[in-house]
Amino acid sequence: MNNLKKETEIGIIIGNRDYWNKGYGRDALKTLTQYLFETTSFERLHLKTLVNNIRAQKCFLQSSFQIYGQVHKTGFDYILMDLRRSNWENLH
Ligand SMILES: CC(C)(COP(=O)(O)OP(=O)(O)OC[C@H]1O[C@@H](n2cnc3c(N)ncnc32)[C@H](O)[C@@H]1OP(=O)(O)O)[C@@H](O)C(=O)NCCC(=O)NCCS
């Protein structure tokens with residue numbers, strides 16, 4: 001993480017698929033975003049996920065991330081999402 005840049009990319013993987021779709025991803029993101037906004041000066045968190053990864057997109061949308069674009073990179077299409085500190089603060 002580079003605090004000087006005021007933004008950082010995040011990612012999440014639940015390795016054991018028996019634990020997918022149970023809300024743990026949403027819970028982990030809530031905890032992670034709260035930690036980052038409360039203990040760092042980051043203004044923006046961003047991430048990318050594959051266009052066909054509907055589960056991840058739904059989890060991120062439910063965690064207050066918003067879609068801001070799409071990119072084709074190394075042969076794959078990704079959805080770009082972010083969460084700004086101001087949006088996060090408005091929710092709390
Ligand atoms: C992506 C990941 C972190 C999400 O965590 P999770 O605990 O599975 O997600 P949640 O349970 O919090 O939320 C998933 C939501 O998507 C929904 N969903 C799952 N598959 C879906 C589909 N095909 N279409 C529509 N909705 C779908 C679930 O029902 C759930 O919504 P709900 O709670 O309203 O019912 C986790 O699945 C994971 O690690 N996957 C493998 C790695 C990965 O894809 N990482 C992301 C890379 S960017």
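Before reading on, note that the structure itself is shown above.
Residues numbered from 1 in each chain as written. Predicted model: local features only at pLDDT ≥ 70, side-chain atom pairs only at ≥ 80, totals over all residues. Heavy atoms only, no water.

## Overview of the packing of helix α1 (residues 24-39) against helix α2 (residues 54-62)
Relative placement of two packed helices is described by the angle separating their axes and the distance separating the axes. How we decide: Lines fitted to C-alpha atoms define the axes, with helix axes restricted to the stretch in contact, and inter-axis angles between N-to-C directions lie between 0 and 180 degrees. The helix and strand labels rest on DSSP assignments: H or I over at least four residues marks a helix, E over at least two residues marks a strand, and numbering proceeds from the N terminus. Oblique is the label for any angle not covered by the other classes, which are roughly parallel (under 35 degrees), roughly antiparallel (over 145) and roughly perpendicular (65 to 115). Working rule for handedness: look at the near helix, and if it is turned counterclockwise from the far one by less than a right angle, call the crossing left-handed; if clockwise, right-handed. Residue contacts follow a heavy-atom distance rule, with two residues in contact if any of their heavy atoms lie within 4.5 Å. In this classification, Asp, Glu, Lys and Arg are treated as charged, Ala, Val, Leu, Ile, Met, Phe, Trp, Tyr, Cys and Pro as nonpolar, and every other residue, Gly included, as polar.
Closest axis-to-axis distance for the α1/α2 pair is 9 Å, and the angle between their directions is 45°. When the interaxial angle is binned, α1 and α2 end up oblique. The two elements α1 and α2 meet at a crossing, and its hand is right-handed. Across from Gly25, Arg26 and Leu29 in α1, the residues of α2 making contact are Cys59, Phe60 and Gln62. Here the contact of α1 with α2 is composed, by residue class, of 3 nonpolar, 2 polar and 1 charged.

## A closer look at α2
Threshold: For the exposure calls, accessible area comes from a 1.4 Å probe over protein chains only, and a residue counts as buried if that area is under 20% of its type's maximum, exposed if over 50%, partly exposed in between. This arc corresponds to the set of directions leading from the helix axis out to the C-beta atoms.
Listing the buried residues of α2 in full gives Ala56, Gln57, Cys59 and Phe60. Each buried residue of α2 lies within a common arc of 165° when the element is viewed along its axis, so the set occupies one face. Pointing more than 90 degrees away from the buried face of α2 are the exposed residues Ile54 and Lys58. Those residues of α2 that are buried lie in contact with α1, β2 (44-50) and β4 (76-84). Once α2 finishes, serine 64 follows within two positions and takes phi at roughly 80°, a positive value.

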